[in-house]
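Structure at a glance
Okay, here's what each chain looks like letter by letter:
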Amino acid sequence: MNIYEDYIKEIEERKDQGLNPKPIDGAELLSAIIEQIKDLDNKYREDSLNFFIYNVVPGTTSAAGVKAEFLKEIILGESVVKEISPAFALELLSHMKGGPSIEVLLDVALGNDASKAKAAAEVLKSQVYLYEADMYRLKDAYKNGSEIAKDILESYAKAEFFTKLPEIEEEIEIVTFIAGIGDISTDLLSPGGDAHSRSDRELHGQCIFEHNKEMQKNLLKLKEQHPDKRVMLIAEKGTMGVGSSRMSGVNNVALWTGVQASPYVPFINIAPIIAGTNGISPIFLTTVGVTGGIGIDLQNWVKKKDADGNTVMDADGEPVLEQKYSVETGTVLTINTKEKKLYKGNQELMDISASLTPQKVEFIKAGGSYAIVFGKKLQTFAAKTLGIDIPQVYAPSKEISIEGQGLTAVEKIFNKNAVGNTPGKVLHAGSDVRVEVNIVGSQDTTGLMTAQELESMAAKVISPIVDGAYQSGCHTASVWDSKSKANIPKLMKFMNDFGLITARDPKGVYHSMTDVIHKVLNDITIDDWAIIIGGDSHTRMSKGVAFGADSGTVALALATGEATMPIPQSVKVTFKGNMKSYMDFRDVVHATQQQMLKQFGGENVFQGRVIEVHIGTLTADQAFTFTDWTAEMKAKASVCISEDETLIESLEIAKSRIQIMIEKGMDNEKQVLQGLIDKANKRIAEIRSGEKPALTPDTNAKYFAEVVVDLDAIVEPMIADPDVYNEDVSKRYTHDTIRPLSYYGGNKKVDLGFVGSCMVHKGDMKILAQMLKNIESQQGKVEFKAPLVVAPPTYNIVDELKAEGDWEVLQKYSGFEFDDNDPKAAARTKYENMLYLERPGCNLCMGNQEKAEPGDTVMATSTRLFQGRVVKDSGDKKGESLLSSTPVVVLSTILGRTPNLSEYEAAVDGINLTKFKPSSKLLVM
């Protein structure tokens, strides 16, 4: 069989799955197809033409390079294909989005044939994905007197690639589809268990609604009934897109409800319309912008008020909601983009200006935010080359500057890293800002899509202004199956070639690492003024300010070293009182959420904002427990305010761990890791000298709200409960139900425990070891009445535990220990009542490989309690994932049930749990 016959065989196999031919990204296959096109008598010629025209992945794929070169031959008359005229060849190049296509267009435009050059120049004027090498070619040609180059540059300076696009529709008719009641996790739209198929967009599209074929059929039926309308997917009585930062979730929604981006590029749709009663999660809304879509905060359910204007509460003390207007499935509505209003017939339902800001309208017009980012860069370059002022084409960035008002911590970070704003102008929350990014992280289940995005935007190498970037292997750490073996090495090579530090060495020199990405990013962040972008919603560092992002935004940060967003509002969190000696810091984290909701009458003031937590005396590892959880608080990000000496200690820890990475051979030829150590040393010197103390807000900074956490009020362990049997479906799986241990009366059955994920650190592993010794001392032996799965976050932690003797304790009680020389090839489906020492990584928290048995009640240290994430429902019982501290999890597996407070206190007796005392210093400037 030749490569084309192999492709035909694959096509037949895909037909059985109801799939079309897979888009072509390889040079060898496309070269064979081109040879068949040239052979006029070839029996596959017609199919080959269709594959060539309609089924090739654009950008910088090797297939795109071959396609561009053949189109060049046709344009220059070196090859003749009756079905592809030179004009059609130029049109096909215009849809290839940069890379080889731009190179070919420049070759023709700057060539000797005047008529062909002019035609190619007209196509170039519509393109925005030009990189430095392309721009310098134009610049050099212009300097050498090329009129064509001058004409193209003048067009770019006017941003005609944007201004000549059609304006967006004044009215968009939509029909509603309720995707779920309550918060909708991205797991519903792109399940973690289907992570392996994300780069095959059509195949991955089959998993939307967690493979619920009935829902999929209903959606198709709705589209058939309303062929002239767009479908708006809705989270009724909840927030759309909470949880992971999945571009694949938006891609799936767009595939089912959006608009095809190009007739010559299959399965890439844009412009989805989504909504939620409580809006869209910040990360998901950014991703919608990437695709030029619209996200609407419906506010169709509001708190009921009595005659005196007070909120009516139910028997549980929760606000009673009443419906302002209905959006039940099949409701026809109209988005008026000019008036920025949502209508039902002639009835105005609400103002949606926040969904149609000038910047968001530009995203819609351009087909996505990338085109705007690259367009602005190209316009700036062209104007500078021509020596003219930049014409005002794009909506001016909103710049809010309030005289006499100080800056919050995040406002300071944004002002320090901002580019392109009015020089010398101090910006406050609400301002639109382009910022340089210091650290970027890509994780392994969305990384394949990040690689695709980089190829599609024709990027070849990481931006030189990025201090460091890391590609993890943690999300596929648990099971090294055939899918992982096929996908991950390919991803690691791509990212390593691109310039990232990679968990796996494509050359096989250093040991493959599966460390949790957030932990690595927390270590390689060596500046409290840094901006971090990472391909996971838990990109929440305890140094600098970090934003979880979709795979596309990560790709943009890697390629350009920039990100664009409004400066978020902040909520200040301080502490008073004292922690009980038997409390874990995880209890403080949960209590913060509980006390905040109580202080603000059930309103989550954290949602969509930055939590500025005055942590003061906790080092980065321990403080990360707080910042990590802020994703579940629905915050956009978090910033830790530390004392000078605490920050120095955190930076010294970071240096030591980066040094370990260097010693393992993970640094690259540009010595990125060594550069981070050098920057950490510089920052430490600045703090010690007083030149630049640790980041603090100004005394007169303004906050959206201020929360004071009373440590004295935390008298027992706290548990985040999915509340799976709440009669109000919208209140299930929200992370907002925080209960004290005593609520369960010491008798709630626990079927499995999990200590692991990004929410634990070395201290948790030492607590586990000491608890096992305590229990043996008290009871004569350690006997598990439920399985306990333990997954340390990093190999460094394992090494340190071995050196300090704690790993030996864990081995003593374990019935399974990971073996990197023989990793699991299949996910575990049954568990015995014993301790499992799993490979460092995400494990159960991800839900894409390992899961608890269906219907189990799980007690876990992880971050996610969404339905089906850690545990699925069984036929007769709902799966529950209760989230708590390490001591509670461990004791629950020993007992097979939730402990009572006295049992808990006895188990942690003498153990040095996380100590936290609020700073006695005034952490402001």
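One structure accompanies this document, and this report is about it. (Residues numbered from 1 in each chain as written. Predicted model: local features only at pLDDT ≥ 70, side-chain atom pairs only at ≥ 80, totals over all residues. Heavy atoms only, no water.)

For the protein, the helix and strand inventory stands at 31 helices and 33 strands. Its C-alpha atoms give the protein principal-axis dimensions of roughly 90 × 65 × 65 Å. Every one of the 925 residues in the protein was classed for burial, and the buried ones make up 61%. In the protein, the proportion of contacts linking residues at least 24 apart, taken out of those at least 6 apart, comes to 73%. For the protein, the computed accessible surface area is about 35100 Å², with 48% contributed by carbon and sulfur atoms. When the 102 positive and 128 negative side-chain charges of the protein are each reduced to one mean point, those points stand 1 Å apart. (Helix = DSSP H or I, 4+ residues; strand = E, 2+ residues; numbered from the N terminus. Buried < 20%, exposed > 50% of the residue type's maximum accessible area, 1.4 Å probe, protein only. Contact = heavy atoms within 4.5 Å. Areas by Shrake-Rupley, 256 points an atom, 1.4 Å probe, with all protein chains shown as cover. Lys, Arg positive; Asp, Glu negative; His and termini not counted. Charge placed at Lys NZ, Arg CZ, Asp CG, Glu CD.)

Taken together, the five strands give an open sheet; going across it, the order is E18-E17-E16-E19-E20, and neighbouring strands pair in parallel fashion. The open sheet has two edge strands, strand E18 (501-502) and strand E20 (545-548), and neither has a second partner. Examined bridge by bridge, strand E19 (residues 531-534) and E20 share four bridges and lie parallel to one another. If you follow Gly 534 over to E20, its bridge partner there is Gly 548. Sitting on the sheet, helix H18 (residues 409-417) touches E19 and E20, and the angle it makes with E20 is about 85 degrees. This element, helix H22 (residues 551-560), spans strand E16 (439-442), strand E17 (468-471) and E19 of the sheet and lies at about 140 degrees to E16. (Pairing = 2+ DSSP bridges. Axes fitted to C-alpha atoms, helices over the stretch in contact; angles between N-to-C directions.)

With that settled, the discussion passes to the environment of Thr 329. Mapped onto the elements of the fold, Thr 329 is located in the loop between strand E10 (321-323) and strand E11 (332-336). Placed 152 residues apart in sequence, Thr 329 and Phe 177 show a C-alpha to C-alpha distance of 4.4 Å. A polar contact of 3.0 Å, which involves the side chain of Thr 329, links it to the backbone nitrogen of Ile 178. (Polar contact = N/O pair within 3.5 Å; in protein donor to acceptor, adjacent residues only side chain to side chain.)

A word on the packing of helix H1 (residues 3-15) against helix H2 (residues 27-38). Between H1 and H2, whose axes approach to 9 Å, the crossing angle comes to 105 degrees. What the angle tells us is that H1 and H2 run roughly perpendicular. Across the interface between the two elements, Ile 3, Tyr 4 and Tyr 7 of H1 pack against Glu 28, Leu 29, Ala 32, Ile 33 and Gln 36 of H2. When grouped by side-chain class, the residues that make up the contact of H1 with H2 number six nonpolar, one polar and one charged. (Parallel < 35°, antiparallel > 145°, perpendicular 65-115°, else oblique. Nonpolar A, V, L, I, M, F, W, Y, C, P; charged D, E, K, R; others polar.)

On the basis of which strands lie adjacent, the open sheet formed by four strands has the order E24-E23-E22-E25 and parallel pairing. At either margin of the open sheet sits one strand with a lone partner, and together these are strand E24 (637-642) and strand E25 (705-710). The average angle at which neighbouring strand axes cross in this sheet is 25 degrees, direction not considered. Pairing of strand E22 (residues 570-576) with strand E23 (residues 610-616), which is carried by four bridges, proceeds in the parallel orientation.

Turning our eyes to something else, we now look at the packing of aromatic side chains. For the structure on display, the rule yields 21 aromatic pairs. Ring geometry for Phe 816 against Tyr 836: centres 6.3 Å apart, planes inclined by 45 degrees, an arrangement best described as tilted. Here Tyr 836 lies in strand E31 (residues 835-837) and Phe 816 lies in strand E30 (residues 814-817), a separation of 20 residues in the sequence. By relative accessible area, which is 3% here, Tyr 836 ends up buried. Here a set of aromatic residues connected by ring pairs shows up, and it is made of Tyr 4, Tyr 7, Tyr 44 and Phe 51. Cation over ring: Lys 67 sits above Phe 52, and NZ or CZ is 5.4 Å from the ring centre. In this structure, Arg 504 packs its charged tip against the face of Trp 480, placed 3.9 Å from the ring centre. (Phe/Tyr/Trp six-rings, centres within 6.5 Å; stacked < 30°, edge-to-face > 60°. Lys NZ or Arg CZ within 6 Å of the ring centre and 35° of its normal.)

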